[in-house]
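Geometric and topological summary
Chain residues, written in single-letter form:
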Amino acid sequence: MAGKGGIVQIPWYATVLRHHTFEDAIAEIAPVALKYGATAYSVTRNRDDRYKFLQSATFERYDDFTAYWEGPEFQEFRFRFGGWFQIPVLYSWNDDVCSGETRFADAASN
């Protein structure tokens, strides 16, 4: 669907003994996406494999994501934390087919 924007997914895999500190680092860079036009972002961590993270961000335009990925903040992130995650990092751009949300507090009150 043209013009709907998309969701970029960035799979990260932390290196040995860096998973706890990498969590803090990725939590710091993820919200910077909002500065580049993202309307939402998230970072999830796999419970079965604590080294596996998935960063997601919703952008209206792919060019906005590119500006974020190539921007000074992300360049600094890759420089500072380059040894904390496995390379290559292969992000993917996805179309939002459908989505929904409920707030935890709303769900608990029903």
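Bear in mind the structure is a predicted one, so any value in this text is a computation, not a measurement.

Cut-offs applied
- Residues numbered from 1 in each chain as written.
- Predicted model: local features only at pLDDT ≥ 70, side-chain atom pairs only at ≥ 80, totals over all residues.
- Heavy atoms only, no water.
- Salt bridge = Lys/Arg side-chain N within 4 Å of Asp/Glu carboxyl O.
- Helix = DSSP H or I, 4+ residues; strand = E, 2+ residues; numbered from the N terminus.
- Buried < 20%, exposed > 50% of the residue type's maximum accessible area, 1.4 Å probe, protein only.
- Polar contact = N/O pair within 3.5 Å; in protein donor to acceptor, adjacent residues only side chain to side chain.
- Phe/Tyr/Trp six-rings, centres within 6.5 Å; stacked < 30°, edge-to-face > 60°.
- Lys NZ or Arg CZ within 6 Å of the ring centre and 35° of its normal.
- Arc of directions from axis to C-beta.
- Contact = heavy atoms within 4.5 Å.

Describing the pattern of salt bridges
Scanning all chains against the criterion turns up six salt bridges. With a shortest N-O distance of 2.5 Å, glutamate 73 and lysine 35 are connected by a salt bridge. Taken as a pair, glutamate 73 in helix α3 (residues 72-81) and lysine 35 in the loop between α1 (19-29) and β2 (40-45) lie far apart in primary sequence, 38 residues in all. Close ionic contact of arginine 103 with glutamate 101 constitutes a salt bridge, the shortest N to O distance being 2.7 Å. Accessibility assignment for this pair places arginine 103 and glutamate 101 in one class, exposed. If you follow the salt bridges from partner to partner, you end up with Arg61, Asp63 and Asp64 in one network.

Overview of the environment of tryptophan 12
Along the chain, the position of tryptophan 12 falls in strand β1 (residues 6-13). As for tryptophan 12 and serine 42, which are separated by 30 residues in sequence, their C-alpha atoms are 13 Å apart. Within the structure, the side chain of tryptophan 12 is placed 3.0 Å from the side chain of glutamine 55, a separation counted as a polar contact.

Section: the packing of aromatic side chains
What the rule picks out here adds up to 24 aromatic pairs. Where phenylalanine 22 meets phenylalanine 85, the ring centres are 5.9 Å apart and the plane angle is 50 degrees; that geometry is what we call tilted. One end of the pair, phenylalanine 22, is in helix α1; the other, phenylalanine 85, is in the loop between α3 and β4 (92-94), and 63 residues separate them in sequence. Note on accessibility: phenylalanine 22 and phenylalanine 85 belong to one class, buried. Aromatic side chains phenylalanine 59 and tyrosine 68 sit 6.1 Å apart centroid to centroid with 35 degrees between the ring planes, which places their arrangement in the tilted category. Taken as a pair, phenylalanine 59 and tyrosine 68 share a single burial class, namely buried. The positively charged end of arginine 78 is found above the aromatic ring belonging to tryptophan 69, 4.7 Å away from the centroid.

Observations concerning helix α2 (residues 62-70)
Because each turn of an α-helix spans 3.6 residues, side chains separated by three or four positions in sequence point in the same direction. The set of residues buried in α2 consists of Asp64, Phe65, Tyr68 and Trp69. Taken down its axis, α2 places every buried residue within 135 degrees of arc, on the same side. Elements that come into contact with the buried residues of α2 comprise β1, α1, β3 (52-59), α3 and β4.

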